[in-house]
Amino acid sequence: MRNVFGKPVYHTLEEKLDPVHTAIIVVDMQNDLCKPKGRSDSPQGPSPNMAIVPALSNLLRIGRQSGVKLVYIAYAMDPSGASAAPAWIYYCQRKKKDGKSYGMNLEVCLEGTWGQAIIDELAPQDEDIVVTKNRLGGFWNTNLDQILQANGIKTVVITGTATSGCVLDTAVGAAAYDYYTICASECIAGGELHELGMRHLEDRFDSLSTEEFAGIWKTTP
């Protein structure tokens, strides 16, 4: 730890990832976005999201054993369309310069449906927290910051989908709200922009493998 401007600043990973003040954030691992029968419009289908489930499940197990708080973020769309502003509708339906559709289905993760639920393989336990959002980032217009502060969280570990969208926005939000932000490299998924998104995330934030987390938290990987 170093003092900068008279303030204690964590510099080592061990300091930043102390389980007492660390939370793992699981972004959008929901049926509509992960399962073959979901409503995801990803050109590559749901397979990239399901591919990270073993690694993410392992990280969550390690986190729970170490006393790390687990927070799930779940996207929800109001079936009536009440939460869909005109600009949001345009954003979801807009065409890219190459003529391809951005392709975000406005019926993805309708609130209260099977599609909006978190996948069974990563189902939250009683002690875990679930935060619902209506936009890409987990911090935008939600009570996530309030919940993290109430639980004494200073560091967040970002996981989930999608790399260049909801994961990126959530990581940026975490940094904007003054959390130490760390990415779990093996536990983030996306579509065709995954590699580009990971390069951006790893340029801005610390990024660790599951084995490195296990080593710091002194558990079996």
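Structural data are supplied above this passage.
Criteria and thresholds
Along each chain, the written sequence defines residue order, and numbers are assigned to residues from 1. Owing to the predicted nature of the model, reporting of local features is limited to residues with pLDDT of at least 70; listing and counting of side-chain atom pairs is limited to 80 or more, with chain, interface and lining totals taken over all residues. Calculated side-chain values reflect all of the structure's heavy atoms, with hydrogen atoms and water omitted. In this analysis, strands are considered paired if DSSP registers two or more bridges between them. Working definition: helices are DSSP H or I runs of at least four residues, strands are E runs of at least two. Numbering for both runs from the N terminus. Only the contacting stretch of a helix is used when fitting its axis, a line to C-alpha atoms as for every element, and angles between N-to-C directions run 0 to 180 degrees. By the convention used here, residues are in contact when the closest approach between their heavy atoms is within 4.5 Å. What makes a salt bridge here is a side-chain nitrogen of Lys or Arg within 4 Å of a carboxyl oxygen of Asp or Glu, nothing more. For each residue, the accessible area found with a 1.4 Å probe, counting protein chains only, is set against the maximum for its type, and the residue is called buried under 20%, exposed over 50%, and partly exposed in between. Definition of nonpolar core: a set of buried residues of the types Ala, Val, Leu, Ile, Met, Phe, Trp, Tyr and Cys, connected through side-chain atoms within 4.5 Å.

(A) Geometry of the sheet that holds strand E3 (residues 22–27). Ordered by their spatial adjacency, six strands build an open sheet running E5-E4-E3-E6-E7-E8, and the pairing between neighbours is parallel. Only two strands of the sheet have a single partner each, and these edge strands are strand E5 (129–133) and strand E8 (206–208). Averaged over all pairs of adjacent strands, the angle between their axes in this sheet comes to 25 degrees, without regard to strand direction. Where strand E7 (residues 180–189) meets E8, three bridges bridge the pair, whose relative direction is parallel. Residue pairing in the sheet places Ala184 in a bridge with Leu208 of E8. Along the sheet, helix H7 (residues 163–176) contacts E3, E5, strand E6 (155–161) and E7; its crossing angle with E6, the most-contacted strand, is approximately 170 degrees.

(B) Focus on the pattern of salt bridges. Here the structure, examined in full by the defined rule, presents four salt bridges. Between Asp128 and Arg64 there is a salt bridge; the shortest N-O distance is 2.5 Å. In this pair, Asp128 is assigned in the loop between helix H5 (86–93) and E5 and Arg64 in helix H4 (residues 53–66), connecting sequence segments 64 residues apart. Arg64 gets classed as partly exposed once you look at its relative accessible area, which sits at 24%.

(C) Layout of the environment of Ala87. With respect to the helices and strands, the residue Ala87 is situated in helix H5. Separated by 57 residues in the primary sequence, Ala87 and Gln30 place their C-alpha atoms 24 Å from one another.

(D) Summary view of the pairing of E5. Here E5 shows a buried face lined by Ile129, Val131 and Lys133 and an unburied face lined by Val130 and Thr132. Sheet analysis places strand E4 (residues 69–75) next to E5, joined by five bridges and oriented parallel. Residue pairing in the sheet places Tyr75 in a bridge with Lys133 of E5.

(E) Structural context of the nonpolar core. If you look at the biggest cluster of nonpolar residues, it comprises 36 residues, and the most contacted ones within it are Ile25, Val71, Leu144, Leu148, Val156 and Leu201. It is H7 that contributes the most residues to this core, five residues altogether. When neighbours within four sequence positions are excluded, Leu148 is seen to be in contact with Ala23, Ile25, Val71, Phe139, Ile153, Val156 and Tyr179. Grouped together as the second largest cluster of nonpolar side chains are 27 residues, Val68, Ile118, Leu122 and Trp217 included.

(F) Structural context of unusual backbone geometry. Omega for the peptide link from Thr161 to Ala162 comes to 0 degrees, which places this bond in the cis form. Residue placement: Ala162 occurs in the loop between E6 and H7. The backbone phi angle of Asp28 is positive, close to 60 degrees, even though this residue is not glycine. Within the element layout of this structure, Asp28 appears in the loop between E3 and helix H2 (31–34). Unusually for a residue other than glycine, Asp178 sits at a positive phi of about 70 degrees. As for its placement among the helices and strands, Asp178 is situated in the loop between H7 and E7. We classify Asp178 as exposed; its relative accessible area is 68%.

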